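A structural walkthrough
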Amino acid sequence: MNVPTQASPDLGAGLLPFLPEPVTLVPGSSPSPVWLAPRVGTVGALIAGHVPGRAGGLDLGGFAEVLHRTGVLDSRSITLPGAAVVLPYGVRIIERFSDLVKGRLREAGYAEYDYPFLAPVDVYAPTSELFDVSDRLLYAADRAGLAAGTPRAVLSPTGEATVYTHWARIVRHESDLPIRSLRRARYYRPMPTGSRSGRGVFKAMEAGDVFEAQSCLADRLAAAHEYRALGETLQRIAADYTVPTLWSERPREGNNGAVADTSVGGDVPLPTGATVQVGCLYDQGQRFSRAYRVAVRSHGEQRFTHHVTAAITRRMVLAHLMLGLRSDRSLCLSPRTAPDQVALIAFTPQAQSGADRLSEALTAAGVRVAARSAHPRRDAGLWQAQGVPLLVHVSAPRADGDTHRVVLVRADTRQEWRLHLHDPAEAVTAVRVALDGVERALVAELNAYVRARHVRLSGNATAEDMKEVLAARLVAVAPVAPGPAVFGEVASWRSGEVLGTRTDGVLRRCVVTGAPTEHIAYVSGRI
């Protein structure tokens, strides 16, 4: 491409403050690793380094096949588009993610509730005052109810109806506020059609693991503070989970204007050349409190509450896995996020006691260990394919006076660090140093990926320049004056859309209209 550009933004410049420090910190003096070349073959680079659509790249079908082979999920057995069976390793990955999300939201003051997935049909009547829900509901009824046209229940498509119906009953006085509710939800929506249909594991009628935060606040000032604080929490979650995410204010086209004063979306650029939304934040004002009659009463007056909501979804896990996929079709997970940081293998019964001592020492040091393999050679290959950051082999002394041999194998490069120790438990510090190295390398790779995948257009760029960026299936970061006409013009090119905008206080010329603007837009294809 030959387009006018500015320097590509780093992850902290308009994107996300991404992994400023690795998770594994080794205090004091520590051994310097001596990494040797792999014994057999080499591991591929991050598949994110490949140009989208070129040889060696990735499509969603290939990604689903990798997830099945590595025991994450099976999207083939249930013949409904987007439906998948999450396999045991996938469940462990998601539970690790769940712990991270819930931990951050609890730190922000949110308490977990469990709301039903089924709701009476009439709880959606207030929502229909804001926008048409008739084609967004899946009804639950027995045969008689269907025949009579009177289904009693709806499978929840979002959380507002059940949560706000509950709040309408329990909120009476300002002392009842604030409410900060966290829920792990499963939502049901009609099958996507048109340009958003058939998008593999990222799109389905049944959306599991939607981690939703909803707050009920007394006034506008409290809502504004909550909006900022909750947005910062979403950014921390994405950074914790090593997922580079574009956070921007969503265009008000569609139903956003009906449900929120302002909304922010979080999008992840995928190696396939499209982006996927993984999170959102809404300042709903008093729209839903008025519709559902959630109000405090004081001195004969009724004041409707203000609501701020946010969600992080399982799609962040899928994006994380895709970004950790390497060109040899193995995963490589960050030590920060992997359910197992170390896969510990003793190939002979004589080495098992030494491996057990190392496993106990690592666990005591806070390292997550997978050990005691029944089939060590077979499972070593599976653990490497699954992306366990560090594989550790323990060999017993061959004769009296010999040392144990402990070999550390990195998942990202397959390089080896060989140690000779009287007691394998002495390898704890070396393991932590190695994990630290793997994480730093992955962060550097993902930073390079983000810089390569974004093209920042200058104020001298034109619409043709942006079209060229989109044709290359990259993300354009460009001056764009917000508004339906401009957003519609970009969408009419049929190669991408405005994900959202930000302001940075610098006046530039809109690449679409030439009008002056302080707004920067992220423009890309989307799943």
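So, here's what we can say about the structure. Predicted model, so just to flag it, every value in this text is computed and none were measured.

**A few points about the overall build of the chain**
Secondary structure assignment for the chain yields 14 helices and 23 strands. Per-residue burial over the chain gives 51% buried out of 527 residues. Taken as a whole, the chain presents about 22800 Å² of accessible surface, with 51% of it coming from carbon and sulfur.

**Details of the sheet that holds strand β6 (residues 153–155)**
Strand order in the open sheet formed by 3 strands is β4-β6-β5, and the pairing between neighbours is antiparallel. Both edges of this open sheet fall to β4 (118–120) and β5 (138–140), since each of them pairs with a single strand only. Averaged over all adjacent pairs, the angle separating strand axes in this sheet is 45 degrees, with direction ignored. Relative to β6, β5 is paired through 3 bridges, and the arrangement is antiparallel. Looking across to β6, one finds that Ala140 is bridged to Ala153.

**Notes on the pattern of salt bridges**
All chains considered together, the criterion is met by 28 salt bridges. The closest approach of N and O atoms between Asp283 and Arg220, which form a salt bridge, is 2.7 Å. Of the two residues, Asp283 sits in strand β11 (residues 274–285) while Arg220 sits in helix α6 (residues 220–240), which places them 63 residues apart along the sequence. A relative accessible area of 40% means that Arg220 is categorised as partly exposed.

**Observations regarding the pairing of strand β17 (residues 390–395)**
Among the 6 residues that make up β17, 5 are buried, leaving the element largely enclosed by the rest of the structure. The pairing of strand β15 (residues 342–346) with β17 spans 5 bridges and is parallel. Within β17, the position partnered with Ala346 by the bridge is Val394. Relative to strand β18 (residues 404–410), β17 runs antiparallel, the two being bridged by 6 bridges. Bridge assignment links Val394 to a residue of β18, and that residue is Val406.

**So, the nonpolar core**
Phe63, Phe202, Met316 and Leu321 are the most contacted members of the largest nonpolar core, which totals 66 residues. Those residues within four positions of Leu321 in sequence are excluded, and the remaining contacts are Phe63, Leu67, Val72, Ile93, Leu331 and Leu333. Listed in part, the 31 residues of the second largest apolar core include Val154, Tyr187, Phe288 and Tyr292.

**Considering the packing of helix α2 (residues 88–107) against helix α9 (residues 315–323)**
What describes two packed helices is the angle between their axes and the distance between those same axes. In contact at an axis separation of 10 Å, α2 and α9 are set at 115 degrees when each is read in the N-to-C sense. As α2 packs across α9, the resulting crossing turns out to be right-handed. Residues Ile93, Ile94 and Phe97 of α2 form the contact with α9, whose own contacting residues are Met316, Val317 and Leu321. Split into classes, the residues belonging to the contact of α2 with α9 amount to 6 nonpolar, no polar and no charged.

**Brief notes about the environment of Val394**
Examined against the element boundaries, Val394 turns out to sit in strand β17. Between the C-alpha atoms of Val394 and Ala351, which are 43 residues apart in sequence, the distance is 6.2 Å.

**Some details on the packing of aromatic side chains**
By the definition in use, this model includes 8 aromatic pairs. Ring geometry for Phe63 versus Phe202: centroids 6.3 Å apart, planes at 15 degrees, classification stacked. You can see Phe63 sitting in helix α1 (residues 60–69) and its partner Phe202 sitting in the loop between β7 (179–188) and β8 (206–217), a full 139 residues away along the chain. Residue Phe202 is classed as buried on the basis of its relative accessible area, which comes to 3%. Seen in terms of ring centroids, Phe97 and Phe211 are 5.7 Å apart; in terms of plane orientation they differ by 80 degrees. Their pairing is edge-to-face. Linking Phe97 in helix α2 with Phe211 in strand β8, this pair joins segments that are 114 residues apart in sequence. Note on Phe211: relative accessible area 1%, which makes it buried. Here a set of aromatic residues connected by ring pairs shows up, and it is made of Tyr164, Trp167, Phe288 and Tyr292. When the ring centre of Trp35 is taken as reference, the NZ or CZ atom of Arg410 above it lies at 5.2 Å.

**Section: helix α5 (residues 160–170)**
Those residues of α5 lying buried are Glu160, Ala161, Thr162, Val163, Tyr164, Trp167 and Ala168. On its buried face, α5 sits against β4, β7, β8, β11, α8 (287–292) and β14 (306–313).

**A look at the packing of α2 against α6**
Orientation of α2 relative to α6, taken along the N-to-C sense of each, is 150 degrees, at an axis distance of 10 Å. It follows from the interaxial angle that α2 and α6 lie roughly antiparallel. Every pair of crossing elements has a handedness; the one defined by α2 and α6 is right-handed. Where α2 abuts α6, its residues Leu100, Val101, Arg104 and Leu105 lie against Leu230, Thr233, Arg236, Ile237 and Asp240. The class makeup of the residues in the contact of α2 with α6 is 5 nonpolar, 1 polar and 3 charged.

**Remarks on unusual backbone geometry**
With an omega of 0 degrees, the peptide bond running from Leu177 to Pro178 counts as cis. One non-glycine residue, His299, lies in the positive phi region at around 55 degrees. By relative accessible area, which is 81% here, His299 ends up exposed. We note that Arg473 has phi near 60 degrees; this positive angle belongs to a residue other than glycine. Relative to the helices and strands, Arg473 is located in the loop between α13 (463–471) and β21 (475–479). A relative accessible area of 38% means that Arg473 is categorised as partly exposed.

The rules behind each value
Residues numbered from 1 in each chain as written. Predicted model: local features only at pLDDT ≥ 70, side-chain atom pairs only at ≥ 80, totals over all residues. Heavy atoms only, no water. Helix = DSSP H or I, 4+ residues; strand = E, 2+ residues; numbered from the N terminus. Buried < 20%, exposed > 50% of the residue type's maximum accessible area, 1.4 Å probe, protein only. Areas by Shrake-Rupley, 256 points an atom, 1.4 Å probe, with all protein chains shown as cover. Pairing = 2+ DSSP bridges. Axes fitted to C-alpha atoms, helices over the stretch in contact; angles between N-to-C directions. Salt bridge = Lys/Arg side-chain N within 4 Å of Asp/Glu carboxyl O. Core = buried A, V, L, I, M, F, W, Y, C linked by side-chain atoms within 4.5 Å. Contact = heavy atoms within 4.5 Å. Left-handed = near helix turned anticlockwise from the far one by under 90°. Nonpolar A, V, L, I, M, F, W, Y, C, P; charged D, E, K, R; others polar. Phe/Tyr/Trp six-rings, centres within 6.5 Å; stacked < 30°, edge-to-face > 60°. Lys NZ or Arg CZ within 6 Å of the ring centre and 35° of its normal. Parallel < 35°, antiparallel > 145°, perpendicular 65-115°, else oblique.

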